Amino acid sequence: MRIILFTGKGGVGKTTTASATALRLADRGVKTLLLSTDSAHSLGDALDTPLGNEPVEVVNGLWAAQIDTQRRFEAAWHEVQRFLLDLLSRSGVDPITAEELTVLPGVEEVLALLAVRDFAVAGNWDVLVVDCAPTAETLRLLALPEALGWYLQKVFPAHRRLARGMRPIAAMMGRGDVIPPDSLFDALLRLSDDLAAVRELLADPAVTSVRLVLTPESVVAAEARRTFTALALYGYAVDLVIANRVFPPGRDAFRAAWVRAQQAQLAELRESFAGLPVRELPYGAAEPVGVEALRGVADSLYGELPGRDPAAVPESVELMSVDAEGDQYVLRMWLPLVERAAVDAVRAGDDLVLTVAGHRRVLSLPSVLRRCEVVGGEFADRQLSVRFRPDPAQWPRGAAQ
Ligand SMILES: Nc1ncnc2c1ncn2[C@@H]1O[C@H](COP(=O)(O)OP(=O)(O)O)[C@@H](O)[C@H]1O
Ligand SMILES: [Mg+2]
């Protein structure tokens, strides 16, 4: 079982390359499901076939579906939303504004990933190819399981206890509506479990890898670099960079200028993504729409049939490790493309809070490191190292000897 996610800025060719990849897999005899979680659904347009919420077989071995994020949103968040709506309208907010306020940004995309997991565990397909939302959305939703997981472990139980304690008092004062009902806490817990399961699937490099799609232009490349770093920080494996819309050589001045600029960008990209394959896809004379045109795209990306296996598990790059060195432990995290100044690591109770280029990740420390104190940290060769020393005061009695 493999999951391949395609992400990148809007319009760079995610839908096109995801479709071409899925089609190539099917043509090689692999049972493949192509899914779109981008609410701007264009999978049906690229394949030139009407698609819906349930998978339909497009060609032999290739099924496709566009996940209806709105419907999923309503099912899972109904409870949470109803409470908030109720509360807001009782506080005098008009119903339309209340409705707007309770549509939480990013939740729809997360719920689309829950559907991806459902399809994965159903076990009907060998490979799932996912056409994701543009970069920013995808990143936020990939970070959510951990962010929420942390809240639910540390703060939520206290909130729930507090709510239980407050409810009779609020009811006595005629304001029982301001305390969240217990069912709301249950709904949140269920959602959190689902999210953790999705995270487990997507952060397993033996199952899931991410392909970054970009065009060789400075603005797009800069965003792709940031995405790459953020994915590494959150523990997701990137196995391929696709540079799309590469101008073939030409004589006129306009074309020559573009070719020069793009070649310079490509050289820089290969340097900054060193260790990752960067594959080029030429700018076609027409939009690659429909199965035949997409087969042409697959030829460019993976070679003529049989070509390379588009689902081959990449050589794993270890993103994080913990090693004993003398009487200390060193936690190492590989952060590609990050400048030294942009990294900050702070110990907070049982957690290590890492801030890298504006992204924050809370790492729950393995138990051996929880009883240690941080004695140093450095960033060199794209590697963040945090040094820990056992703190005798924190070891259970007798265990320190
Ligand atoms: N290499 C290419 N040559 C010509 N047109 C392309 C190429 N790649 C993508 N397109 C076209 O560009 C548009 C945007 O591509 P699409 O795959 O939908 O991008 P995204 O999903 O990232 O928004 C589509 O009309 C698509 O057919
Ligand atoms: Mg698209």
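Before reading further, recall that the structure is shown in the block above.
Now for a quick tour of the structure. Keep in mind that this is a model prediction, so the values were computed, not measured.

## Things to note about the nonpolar core
Okay, so step 1: Ranked by internal contacts, the top residues of the largest apolar core, which has 92 residues, are I3, L34, L128, F273 and L335.
Okay, so step 2: Top contributing element to this core by residue count: helix α5 (residues 107-122), with nine residues.
Okay, so step 3: Non-local contacts of L335, meaning those with residues more than four positions away in its chain, are made with A232, L233, V343, V356, F379, R382 and L384.

## Section: the sheet that holds strand β1 (residues 2-7)
Think of a sheet as strands paired side by side through backbone hydrogen bonds, with each pair either parallel or antiparallel.
Okay, so step 1: Taken in spatial order, the eight strands of this open sheet run β3-β4-β2-β5-β1-β6-β7-β8, and their pairing is mixed. This sheet does not close on itself; its edge strands, each paired only once, are β3 (56-59) and β8 (278-282). Each adjacent strand pair in this sheet contributes to an overall mean axis angle of 25°, direction not counted.
Okay, so step 2: Here strand β6 (residues 208-214) runs beside strand β7 (residues 238-246); their pairing, made up of five bridges, is parallel. From the neighbouring strand, L212 faces β7, where its bridge partner is V241.

## What about the site of ligand 1?
Okay, so step 1: By nearness alone, 16 residues border ligand 1, and K14, T15, T16, R245 and E287 come closest of all.
Okay, so step 2: K14 places a main-chain nitrogen or oxygen 2.8 Å from an oxygen atom of ligand 1.
Okay, so step 3: Here T15 contributes a side-chain N or O atom positioned 2.7 Å from an oxygen atom of ligand 1.
Okay, so step 4: Against a free-state accessible area of 560 Å², the protein chains account for coverage of 82% of ligand 1.
Okay, so step 5: Mapped onto the shell around ligand 1, the elements with two or more residues apiece are α1 (14-27) and β7.
Okay, so step 6: Tallying contributions element by element places α1 first for the shell around ligand 1, with three residues.

## A few points about the packing of aromatic side chains
The description of two aromatic rings rests on the distance between their centres and on the angle between their planes.
Okay, so step 1: Going through the model one piece at a time under the given rule, you end up with five aromatic pairs.
Okay, so step 2: Here the aromatic rings of W63 and W125 are separated by 6.2 Å at their centres, their planes lie at 70°, and the arrangement is edge-to-face. In this pair, W63 sits in strand β4 (residues 62-66) while W125 sits in the loop between α5 and β5 (127-131), placing the two residues 62 residues apart along the sequence. With respect to burial, W63 and W125 carry one shared label: buried.
Okay, so step 3: Residues F247 and Y283 carry aromatic rings whose centres are separated by 5.1 Å and whose planes lie at 35° to one another, so their mutual orientation is tilted. Pair noted here: F247 is in the loop between β7 and α10 (253-272) and Y283 is in the loop between β8 and α11 (291-302), with a separation of 36 residues, a long-range link.
Okay, so step 4: F247 sits in the buried class, given a relative accessible area of 18%.
Okay, so step 5: Grouping aromatic residues by their ring pairs yields a cluster made of W63, F119 and W125.
Okay, so step 6: Its end group placed over the ring of Y283, R245 keeps NZ or CZ at 5.4 Å from the ring centre.

## What to know about the packing of α1 against α11
Pairs of packed helices are described in terms of their axes, by the angle between the two and the distance that separates them.
Okay, so step 1: Between α1 and α11, the shortest axis-to-axis distance is 8 Å and the interhelical angle comes to 85°. In terms of orientation, α1 lies roughly perpendicular with respect to α11. In contact with T16, T17, S19, A20, T21, L23, R24 and D27 of α1, α11 contributes V291, L294, R295, V297, A298, D299, L301 and Y302.
Okay, so step 2: Residues that form the contact of α1 with α11 fall into these classes: eight nonpolar, four polar and four charged.

## A closer look at helix α8 (residues 182-202)
Think of an α-helix as turning once every 3.6 residues; residues three or four places apart then point the same way.
Okay, so step 1: With 21 residues, α8 extends 31 Å between its outermost C-alpha atoms, agreeing within 8% with the 30 Å of an ideal straight helix rising 1.5 Å per residue.
Okay, so step 2: For α8, every residue scored as buried is listed here: L184, F185, A187, L188, L191, S192, L195, A197, V198, R199, L201 and L202.

## Details of the sheet that holds strand β15 (residues 383-390)
Okay, so step 1: One open sheet accounts for four strands, arranged β9-β10-β15-β14; its pairing is antiparallel. Both edges of this open sheet fall to β9 (320-325) and β14 (372-380), since each of them pairs with a single strand only. In this sheet, neighbouring strand axes are inclined to one another by 20° on average, regardless of whether the strands run parallel or antiparallel.
Okay, so step 2: Note: β14 against β15, eight bridges, orientation antiparallel. Its bridge partner being in β15, E378 is matched across the sheet by S385.

Conventions used here
- Residues numbered from 1 in each chain as written.
- Chains lettered and ligands numbered in written order.
- Predicted model: local features only at pLDDT ≥ 70, side-chain atom pairs only at ≥ 80, totals over all residues.
- Heavy atoms only, no water.
- Core = buried A, V, L, I, M, F, W, Y, C linked by side-chain atoms within 4.5 Å.
- Buried < 20%, exposed > 50% of the residue type's maximum accessible area, 1.4 Å probe, protein only.
- Helix = DSSP H or I, 4+ residues; strand = E, 2+ residues; numbered from the N terminus.
- Contact = heavy atoms within 4.5 Å.
- Pairing = 2+ DSSP bridges.
- Axes fitted to C-alpha atoms, helices over the stretch in contact; angles between N-to-C directions.
- Near = heavy atom within 4 Å.
- Polar contact = N/O pair within 3.5 Å; in protein donor to acceptor, adjacent residues only side chain to side chain.
- Areas by Shrake-Rupley, 256 points an atom, 1.4 Å probe, with all protein chains shown as cover.
- Phe/Tyr/Trp six-rings, centres within 6.5 Å; stacked < 30°, edge-to-face > 60°.
- Lys NZ or Arg CZ within 6 Å of the ring centre and 35° of its normal.
- Parallel < 35°, antiparallel > 145°, perpendicular 65-115°, else oblique.
- Nonpolar A, V, L, I, M, F, W, Y, C, P; charged D, E, K, R; others polar.
- Expected span 1.5 Å × (residues − 1).

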